[in-house]
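Structural overview for review
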Amino acid sequence: MLGETALQTLLFVFEGVGVVAFALSGALAAVRKRLDVVGVVVVAFLTAMAGGTLRDVLLDRSPLFWVEHEYWLWVIIAIGVGSAIILRSRHFEPTSRAIQWPDALGLGVFAAAGTQIALDMDSSPLIATLMGVISAVTGGILRDVMLNDLPWVVASFQLYAILAFGGGLMVWGIGAVGGSPQLAVTVGALSITLARVLSLAFNWSLPNWRKDDHTGTIELPR
Amino acid sequence: MLGETALQTLLFVFEGVGVVAFALSGALAAVRKRLDVVGVVVVAFLTAMAGGTLRDVLLDRSPLFWVEHEYWLWVIIAIGVGSAIILRSRHFEPTSRAIQWPDALGLGVFAAAGTQIALDMDSSPLIATLMGVISAVTGGILRDVMLNDLPWVVASFQLYAILAFGGGLMVWGIGAVGGSPQLAVTVGALSITLARVLSLAFNWSLPNWRKDDHTGTIELPR
Amino acid sequence: MLGETALQTLLFVFEGVGVVAFALSGALAAVRKRLDVVGVVVVAFLTAMAGGTLRDVLLDRSPLFWVEHEYWLWVIIAIGVGSAIILRSRHFEPTSRAIQWPDALGLGVFAAAGTQIALDMDSSPLIATLMGVISAVTGGILRDVMLNDLPWVVASFQLYAILAFGGGLMVWGIGAVGGSPQLAVTVGALSITLARVLSLAFNWSLPNWRKDDHTGTIELPR
């Protein structure tokens, strides 16, 4: 079994992959909408950081994640400027699809870590799980709202936010039966990521409205 | 005259009706835009809870309303999932119009209670009244922004936010002449609700821009 | 050299011009979208105050700017109602262009003052500069998002947010070499404003994507 230090290293790597994946998805969406380079950086920042920020504001927790870990800001600025330069004269549709895989890690780690952070502040299981969901999906929703798209996170019929919800309950459950926070977050994050990857691979989706009229009406921003 | 306990019971009933009405208006709008079931729950939650949440964040007040009264979350989840299932294969335009009546109670009780909460924290009359307006209208505005509509609350020319403003001043006034908070909130909430119902019944509206060009340009989301 | 009192008076004047310019730009955009009079006031308020409010919430700073300086609320209400009445039956395109000049003062003073406020709370240079940028551009972004436009601030290819960033670093630098806060804010604000005015006069812009396809796709809300 992995020791606590190994678990912490693993979580740090997950977090990094998640921030980069979220920032990239924001940068790609902003480039597609022809925002200027500042706009690409702003949307990348918003997509990667808004979820954790809203969670911290709602929990009245300070300093904020990105104030404490300032290096992420430099990473995001680099991703934004880099995306703007590289994508300036290329097609990027393949990249856009490829990003779903690292994004699955971001979903897992943001949801699991957000839940644990709220549990550490004595939130109830439901509230903590919600804080995890908020950490994981707010950035993607704001990205799309800012770019005048219907929020893909809740309009795509894909399994996404609901996996964050299930994984948050799992984080709480592992802690409730005596597991350490690191173990709970690691298992929770991996479970969400695995479920997301499986749902992508097998095309699982939420129950559809009416087969005939929904396809085509919802724009998928990635 | 009613005793304090009766007033509190009345306010609790109002609050419940308001939360349900706001959540329903969010769920209906999300169903209409063909969001998935998670999206319907998210928009229902946002519509019902964003106003009180923003008020609490601006007043630096914790715990948040829905953290303290967790049962509302279950109610909202039930409303969201229920709406998604029931409306899946039906027309809901009549329901959409019917919701304006309970919504009027939500407008009244959210505005009046929000004002009183701010007054209890020593806000000035103007600030307290604004906090009441924010409590009452933020959810509806975010619902429409998230769904890419012009915000109905401030684009419909109906008497809505302005009634919340007037009622907030009334809550302050009743307290200023010695009325108890419960009395102030009850009278304020009922006055706003009554004014809203009358404005609906008699089709009162805000001054229009130009008779010839505004009708038809503004989409009414309910 | 100017004394501290003179600098403070100057900053107060700048702030006033900035609030009025931002509120006007919000009111004009709302009138153009045919919002009702309440909507015009709400968008004017949001455009002028959202940036400082978000900064204060992120820094966990209270009371909020507009709670402390309540008179600005009356000014904004007057601007909103006045705009709605005056513009009711007129073309306002010229006004819309004219507003860019006072807006440049708002950009400068909001960014410089926001940076200094964060520095006073022991933020790092990067975080403080970001807080200045957030103070200066959030209002304009929310104005456009609420009205369903792509955010002009980050979609216009004009030099705008990036000048706030540069000026924020200048505010920090002046303080780091021993300048007083008032001096740093004044010089920072004037530098940003001057750079903005020059960029408008000489039509400087951010690097464009592709010459042939971007013009026309981005709607400029002012």
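Refer to the structure printed above.
Here is a short report on the structure shown in this document. (Residues numbered from 1 in each chain as written. Chains lettered and ligands numbered in written order. Predicted model: local features only at pLDDT ≥ 70, side-chain atom pairs only at ≥ 80, totals over all residues.)

Looking at the relation of the copies chain A and chain B
Overlaying chain A with chain B gives an RMSD of 0.0 Å, the required rotation being 120° about an axis along which the chain moves by 0.0 Å. Those values place the two copies in the arrangement expected of a three-fold rotation axis. Across chain A, the rotation axis passes nearest the C-alpha of A:N148, at a separation of 3.7 Å. (Least-squares fit on C-alpha atoms with pLDDT ≥ 70 in both.)

Quick notes on the relation of the copies chain C and chain A
Least-squares fitting of chain C to chain A yields an RMSD of 0.0 Å, with the superposition described by an axial translation of 0.0 Å and a rotation of 120°. Of the interface residues in chain C, just 14% have counterparts in chain A that sit at the interface too, so the contact is made through distinct surfaces. (Contact = placed C-beta atoms within 7 Å.)

What about the packing of helix α6 (residues 100–120) of chain C against helix α7 (residues 125–146) of chain C?
Helix-helix packing is described using two parameters, namely the angle between the two axes and the distance between the axes. Residue and element names in this part refer to chain C. At their nearest, the axes of α6 and α7 sit 7 Å apart, and the two run at 140° to each other. Classified by chirality, the crossing of α7 by α6 is right-handed. Contact with α6, carried on its side by L107, F110, A111, A112, G114, T115, A118 and L119, involves I127, A128, T129, M131, G132, V133, I134, S135 and A136 of α7 and no other residues of that element. Broken down by class, the residue content of the contact of α6 with α7 amounts to twelve nonpolar, five polar and no charged. (Axes fitted to C-alpha atoms, helices over the stretch in contact; angles between N-to-C directions. Helix = DSSP H or I, 4+ residues; strand = E, 2+ residues; numbered from the N terminus. Left-handed = near helix turned anticlockwise from the far one by under 90°. Nonpolar A, V, L, I, M, F, W, Y, C, P; charged D, E, K, R; others polar.)

Overview of the interface of chain C and chain A
Taken together, the contact pairs 22 residues of chain C with 19 residues of chain A. Elements represented by at least two residues in the side of chain C that touches chain A include exactly α2 (37–58), α7, α8 (152–155) and α9 (161–176) of chain C. In terms of residue count, the dominant contributor to the side of chain C that touches chain A is α7(C) (three residues). Residues belonging to the side of chain C that touches chain A are distributed by class as follows: 16 nonpolar, five polar and one charged.

A closer look at α9(C)
Residues and elements named next belong to chain C. With 16 residues, α9 extends 23 Å from end C-alpha to end C-alpha; this agrees with the ideal 22 Å at 1.5 Å per step. When we look at burial in α9, the residues that qualify are A161, L163, A164, F165, G167, G168, M170, V171, W172, I174 and G175. Immediately downstream of α9, the backbone of G178 shows phi near 105°, a positive value. (Expected span 1.5 Å × (residues − 1). Buried ≥ 20, exposed ≤ 12 C-beta atoms within 10 Å, placed from the backbone.)

Quick word on the interface of chain A and chain B
How big an interface is tends to be reported as the loss of accessible area on association of its parts. The interface is formed by 22 residues belonging to chain A together with 18 residues belonging to chain B. Where the side of chain A that touches chain B is concerned, the elements lending two or more residues are α2 (37–58), α7 (125–146), α8 (152–155) and α9 (161–176) of chain A. Looking at the side of chain A that touches chain B, its residues break down into 16 nonpolar, five polar and one charged.

Examining the packing of α9(C) against helix α10 (residues 181–201) of chain C
Residue and element names in this part refer to chain C. Packing of α9 against α10 leaves a shortest axis separation of 8 Å and a crossing angle of 155°. One finds that α9 runs roughly antiparallel with respect to α10. Remark: the crossing between α9 and α10 carries right-handed chirality. Only P181, L183, A184, V185, V187, G188, S191, I192, A195 and R196 of α10 make contact with α9, whose side of the interface consists of L163, A164, G167, M170, V171, I174 and G175. Taken together, the residues of the contact of α9 with α10 break down into twelve nonpolar, four polar and one charged. (Parallel < 35°, antiparallel > 145°, perpendicular 65-115°, else oblique.)

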